Amino acid sequence: MGDDNPPMKRRRKRRRTVPSEAAYICDSCGEEVVIPIDVSAGTNQEYVEDCPVCCCPNIVHVEIERDGVRAWAELE
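The rules behind each value
- Residues numbered from 1 in each chain as written.
- Predicted model: local features only at pLDDT ≥ 70, side-chain atom pairs only at ≥ 80, totals over all residues.
- Heavy atoms only, no water.
- Helix = DSSP H or I, 4+ residues; strand = E, 2+ residues; numbered from the N terminus.
- Buried < 20%, exposed > 50% of the residue type's maximum accessible area, 1.4 Å probe, protein only.
- Contact = heavy atoms within 4.5 Å.
- Areas by Shrake-Rupley, 256 points an atom, 1.4 Å probe, with all protein chains shown as cover.
- Phe/Tyr/Trp six-rings, centres within 6.5 Å; stacked < 30°, edge-to-face > 60°.
- Lys NZ or Arg CZ within 6 Å of the ring centre and 35° of its normal.
- Pairing = 2+ DSSP bridges.
- Axes fitted to C-alpha atoms, helices over the stretch in contact; angles between N-to-C directions.
- Core = buried A, V, L, I, M, F, W, Y, C linked by side-chain atoms within 4.5 Å.

Explanation requested: the overall build of the protein chain in the structure shown.
Per the secondary structure count, the protein chain includes zero helices and five strands. Starting at the N terminus and walking to the C terminus, you meet the elements of the protein chain as β-β-β-β-β. Out of the 76 residues in the protein chain, the part that is buried amounts to 22%. In the protein chain, of all internal contacts separated by at least 6 residues, the share reaching a separation of at least 24 is 30%. In the structure as shown, the protein chain presents an accessible area of about 6500 Å², 46% of it carried by carbon and sulfur atoms.

What exactly am I supposed to notice about the packing of aromatic side chains here?
Here the distance between the centres and the angle between the planes together describe a pair of aromatic rings. On inspection of all chains with the given rule, the structure shows zero aromatic pairs. Across from the ring centre of Trp72, 4.2 Å away, lies the NZ or CZ of Arg70, which sits over that ring.

Explanation requested: the environment of Arg66 in the structure shown.
With respect to the secondary-structure elements, Arg66 resides in the loop between strand 4 (57-65) and strand 5 (68-75). For the pair Arg66 and Thr17, spaced 49 residues apart in sequence, the C-alpha to C-alpha distance is 9.0 Å.

Any chance you could explain the sheet that holds strand 5 here in plain terms?
Where strands meet in a sheet, backbone hydrogen bonds hold them as pairs that are either parallel or antiparallel. Taken together, the three strands give an open sheet; going across it, the order is 3-4-5, and neighbouring strands pair in antiparallel fashion. Each of the sheet's edge strands pairs with one partner strand only, and the pair in question is strand 3 (44-50) and strand 5. Each strand axis lies, on average, 25 degrees off the axis of its neighbour in the sheet, ignoring direction. Pairing of strand 3 with strand 4 involves seven bridges; the strand directions are antiparallel.

Sorry, what's going on with the nonpolar core here?
If you look at the biggest cluster of nonpolar residues, it comprises 12 residues: Ala22, Tyr24, Cys26, Val33, Ile35, Ile37, Cys51, Val60, Val62, Ile64, Ala71 and Ala73. Per element, the largest residue contribution to this core is three residues, and it comes from strand 4. Residues in contact with Ala22, not counting those within four places in the same chain, are Val33, Val34, Ile35, Ile37, Val69 and Ala71.

Is there a simple way to explain the pairing of strand 1 (residues 21-25) in this structure?
Two faces, one strand: in a regular strand the side chains alternate between the faces of the sheet. Taking every second residue as pointing to the same face, the buried face of strand 1 carries Ala22 and Tyr24, while none of Glu21, Ala23 and Ile25 on the other face is buried. Here strand 1 pairs with strand 2 (residues 32-36) via five bridges, running antiparallel. Bridged to Ile25 within strand 2 is Glu32.

Now the structure itself:
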């Protein structure tokens, strides 16, 4: 005879999709700066980058979290 239990559906695990870009506001000139996200550098990143508008160095902070990417900057 047949199986009385219906087959169970397997749930697929959702893959986290990390955005390829994020943005921060330059502390010196107030311009929004778009940066690429490098997931190979880890979930908490910090590096120095010159603003492409006013050339002032910013310490850029990037946090990759479950719900997205957060980026902000402060003057060096």
